[in-house]
Structures are given as C-alpha cells and as structure tokens.
Amino acid sequence: QVQLVESGGGLVQAGGSLRLSCAASGRTFSSYAMGWFRQAPGKEREFVAAISWSGGSTYYADSVKGRFTISRDNAKNTVYLQMNSLKPEDTAVYYCAARVSWDSGRSRHNEYDYWGQGSQVTVSS
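Residues numbered from 1 in each chain as written. Predicted model: local features only at pLDDT ≥ 70, side-chain atom pairs only at ≥ 80, totals over all residues. Heavy atoms only, no water.

Enquirer: Tell me about the side chain of Arg38, residues and numbers included.
Expert: Looking at the secondary structure, you find Arg38 in strand 4 (residues 33-39). Residue classification places Arg38 among the buried residues on the basis of a relative accessible area of 5%. A polar contact is formed between the side chain of Arg38 and the side chain of Glu46, at a distance of 2.5 Å. (Helix = DSSP H or I, 4+ residues; strand = E, 2+ residues; numbered from the N terminus. Buried < 20%, exposed > 50% of the residue type's maximum accessible area, 1.4 Å probe, protein only. Polar contact = N/O pair within 3.5 Å; in protein donor to acceptor, adjacent residues only side chain to side chain.)

Enquirer: Break down the state of the cysteines for me, with residues and values.
Expert: Applying the stated rule across the entire model yields one disulfide. Each disulfide pairs two cysteine sulfurs, and for Cys22 the partner residue is Cys96, the sulfurs being separated by 2.0 Å. Negative torsions about the S-S bond denote left-handed disulfides, and the value of about 50° found for Cys22 with Cys96 makes this one right-handed. Separated by 74 residues along the polypeptide, Cys22 in strand 3 (residues 18-26) and Cys96 in strand 9 (residues 92-99) bring together distant segments of the chain. Residue Cys22 shares its accessibility class with Cys96, and that shared class is buried. (Disulfide = S-S within 2.5 Å.)

Enquirer: Go over unusual backbone geometry, please, and point to the residues and values.
Expert: For Asn77, which is not glycine, the phi torsion reads 55° and is therefore positive. Secondary-structure assignment places Asn77 in the loop between strand 7 (68-73) and strand 8 (78-83). The backbone of Ser85 shows a phi angle near 50°, a positive value even though the residue is not glycine. By the secondary structure assignment, Ser85 is in the loop between strand 8 and strand 9. For Ser85, a relative accessible area of 40% puts it in the partly exposed group.

Enquirer: Talk me through the pairing of strand 8; I want residue IDs and the actual numbers.
Expert: Of all six residues that make up strand 8, five are buried, and the element is covered over most of its length. Here six bridges tie strand 3 to strand 8, and the two strands are oriented antiparallel to one another. Across the sheet, residue Arg19 finds its bridge partner in strand 8, namely Gln82. Where strand 7 lies against strand 8, six bridges are found, and the strand directions are antiparallel. Note on strand 8: the bridge partner recorded for Asp73 is Thr78. (Pairing = 2+ DSSP bridges.)

Enquirer: Mind laying out the sheet that holds strand 8, listing which residues take part and the relevant values?
Expert: An order of 1-3-8-7 is seen for the four strands of this open sheet, with the pairing classed as antiparallel. The sheet terminates laterally at strand 1 (2-7) and strand 7, the two strands that pair on one side only. Taking the axes of each pair of neighbouring strands and ignoring which way they run, one obtains an average angle of 15° across the sheet. (Axes fitted to C-alpha atoms, helices over the stretch in contact; angles between N-to-C directions.)

These results come straight from atomic positions and should not be treated as a statement about function.
Okay, here's the thing in structure tokens:
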C-alpha cells in the first residue's frame, strides 16, 4: 500500500505558474512509477504526465508538453508537477497516482493502483 497526498493547488492568472507536490507514504516510493492526471467538471479524467521509478524517463500529454515538467525526489518520497504558462483550459482537479509498471499503460488512469485525493487548480483569464 502507498498513500498519496497532493498539495500546491490554487488560483492563478493565465500565464502564471504553480507547482504541485505529491507526498507518498507506505511502501518504498522508488518502487513506483508516478503519474499526474486531471479532471475538469463534466469531463473524463485525462493523463497529464508520468515519470519512471528513478526519474530517468518522463512522458507528457501533448496538451502540456513544453509547459509542464514532472520530477521526483525519492529521498523525500515526493513527486512534483511544475506548471508554467498556465491557460484557463488547465483548470481542473489534479490527481497524482502510482503504479508498479513503466509501460504503455502509463497514460491510462485505469492502469494506476493508488490515487491521491486531488488538488484544485483554477486558472483565470
């Protein structure tokens, strides 16, 4: 089992930046690949970014590529999502998630085993 807690969400103007954090507790954090997903009202949960166990590999949705950066610090049991050049369409609840494998399932929310409670990000125009 691993428990995940997100923080760092809030309200920001378009063009601004936020950094989300996801702190993990429980079993060995470095054993899990991590992902970030988001869900806007009335929409399905969508993939944002994923990072491998060591952080050596990352993967992004096209909609955030070049603006968002995922990273992790295994010594702190934390994964981050740095979000720059934010747009109103980035408004959503952001979730971190964990899974054991690093394969093509990394962008599919139903392939993840553990989830945080979510953090609201609101981008005003």
